[in-house]
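Listed here are the chains, written in short residue letters.
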Amino acid sequence: MNLDNVSVSVQQQDFDVSAELRRLRDQSAQVGAVASFVGVVRDINDSQTVSVLELEHYPGMTEQSIADIIIMAGERWQLVGARVIHRVGKLLPTDQIVLVAVTSRHRGDAFAACEFIMDYLKTRAPFWKKEQTEEGARWLDARSADQAAVDRWEQSD
Amino acid sequence: MVQVMFFSLIRERLDTDKLSLSLPMPGMTLLAFTEHLIDTHDAHWREVLTSANIIKSVNQRVVDNDCCLSDGDEIAFFPPVTGG
């Protein structure tokens, strides 16, 4: 993977998935597959209604840790490019939180790498979510299912 | 001098987001430095900074307690991450 085709952004503003995928496709005529994942704010979490989701991060470390994850994916699969956008600040239910998009020559590499990057992002990139609910504000706890998703990749090495 | 940063629940519980202090001893371990931070504050800091799942980083890399510190390092304390 050419690192010129890798881009990571942490930003408050929303993103346009269609425009992002077009930019990825236009990077190279080698691209035969584009796989993408978009994470969205849900209105209910752990049986409580969520009115606002606040995302905090560690500037600098966040961008570098995501870039490192993409490079790990590039060592594992044949990729052409990758784009990750993660929003921070105050978000509302139905808002987009995160985009992971990966290009490759063939679909298998793009599908797998997209899931791999998302799984590692959830357990390695320094973001923290705080929900405002009817019962007050609460920081979310890390989920063991997210760690299990990463463990699965490490077992299949 | 070293920069010390606290994020998320750790920042809220300590009511502190950033500290700048001189490194008591160059080459000291992160564990010894954490003890120094606790000793110069109060029992509440001990409770927060020794919580079981706390993550520590030096120069934006997650490290273990035996990591050796140098002048100019950026040290951070935070809970398990929950992005995505």
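Bear in mind the structure is a predicted one, so any value in this text is a computation, not a measurement.

(A) Structural detail: the overall build of chain A. On a plain count of helices and strands, chain A comes out with four helices and nine strands. Taken over the C-alpha trace, chain A has a radius of gyration of 16 Å; the compact-globule value for 157 residues is 15 Å, and the two agree within 12%. Projected onto its principal axes, the C-alpha coordinates of chain A cover approximately 50 × 35 × 25 Å. Across the 157 residues that make up chain A, the buried fraction comes to 38%. Across chain A, every contact between residues at least 6 apart in sequence was considered, and the portion connecting residues at least 24 apart equals 76%.

(B) Main features of the sheet that holds strand β3 (residues 55-58) of chain B. Taken in spatial order, the five strands line up as β2-β1-β5-β3-β4 (chain B) in an open sheet, and their pairing is mixed. One side of each edge strand has no neighbouring strand; the edge strands of this open sheet are β2 (18-21) and β4 (61-62) of chain B.

(C) Quick look at the interface of chain B and chain A. Taken together, the contact pairs 13 residues of chain B with 21 residues of chain A. The set of elements that each furnish at least two residues to the side of chain B that touches chain A consists of α1 (8-14) and β5 (74-78) of chain B. A breakdown of the residues in the side of chain B that touches chain A according to their chemical character gives seven nonpolar, six polar and no charged.

(D) Local environment of the environment of A:Gln48. Residue and element names in this part refer to chain A. Take Gln48: it is sitting in strand β4 (residues 48-57). Look at Gln48 and you get partly exposed, because 15 C-beta atoms sit within 10 Å. The sequence separation of Gln48 and Gln132 amounts to 84 residues, and the corresponding C-alpha distance is 9.6 Å.

(E) Helix α3 (residues 107-124) of chain A, seen in detail. Residue and element names in this part refer to chain A. Between the first and last C-alpha of α3 there are 26 Å, a value that for 18 residues agrees with the 26 Å anticipated at 1.5 Å per step. Regarding α3, the residues found buried are Asp109, Ala110, Ala113, Cys114, Phe116, Ile117, Met118, Asp119, Tyr120, Leu121, Lys122 and Thr123. The inward-facing, buried residues of α3 abut β2 (33-40), α2 (61-76), β5 (79-87), β7 (96-104) and α4 (144-155).

(F) Spotlight on the confidence of the model for chain B. Mean pLDDT over chain B works out to 97, with 100% of the residues at or above the 70 mark. The complex prediction reports pTM at 0.95, with the ipTM value standing at 0.94.

(G) How the structure looks around the sheet that holds β7(A). Residue and element names in this part refer to chain A. If you trace the four strands from one edge of the open sheet to the other, you get β1-β5-β7-β2, paired in mixed fashion. Edge strands, defined here as strands with exactly one partner in the open sheet, are β1 (6-11) and β2. Put simply, the sheet's adjacent strands are angled 5° from each other on average, direction ignored. Both β5 and β7 contribute to a ladder of seven bridges, which runs antiparallel. Note that in β7 the partner of Arg83 across the bridge is Ala101. Helix α1 (residues 17-25) contacts β2, β5 and β7 of the sheet and is inclined by roughly 20° relative to β7. Strands β1 and β5 of the sheet are contacted by α2, whose axis makes an angle of about 150° with β1.

(H) Inspection of the packing of α2(A) against α3(A) at higher detail. Residue and element names in this part refer to chain A. Packing of α2 against α3 leaves a shortest axis separation of 9 Å and a crossing angle of 145°. Viewed along their axes, α2 and α3 form a crossing whose handedness is right-handed. Where α2 approaches α3, its residues Ser65, Ile66, Ile69, Ile70, Ala73 and Arg76 are matched on the opposing element by Ala113, Phe116, Ile117, Tyr120, Leu121 and Arg124. Of the residues assigned to the contact of α2 with α3, the class counts are nine nonpolar, one polar and two charged.

(I) Just the nonpolar core, in detail. Formed by 48 residues in total, the largest nonpolar core has its most connected members in A:Val100, A:Val102 and A:Ile117. The biggest single contributor to this core is α3(A), with eight residues.

What counts, and at which threshold
Residues numbered from 1 in each chain as written. Chains lettered and ligands numbered in written order. Predicted model: local features only at pLDDT ≥ 70, side-chain atom pairs only at ≥ 80, totals over all residues. Helix = DSSP H or I, 4+ residues; strand = E, 2+ residues; numbered from the N terminus. Rg over C-alpha atoms; globule rule 2.2 N^0.38 Å. Buried ≥ 20, exposed ≤ 12 C-beta atoms within 10 Å, placed from the backbone. Contact = placed C-beta atoms within 7 Å. Pairing = 2+ DSSP bridges. Nonpolar A, V, L, I, M, F, W, Y, C, P; charged D, E, K, R; others polar. Expected span 1.5 Å × (residues − 1). pLDDT = per-residue confidence, 0-100. Axes fitted to C-alpha atoms, helices over the stretch in contact; angles between N-to-C directions. Left-handed = near helix turned anticlockwise from the far one by under 90°. Core = buried A, V, L, I, M, F, W, Y, C linked by C-beta atoms within 7 Å.

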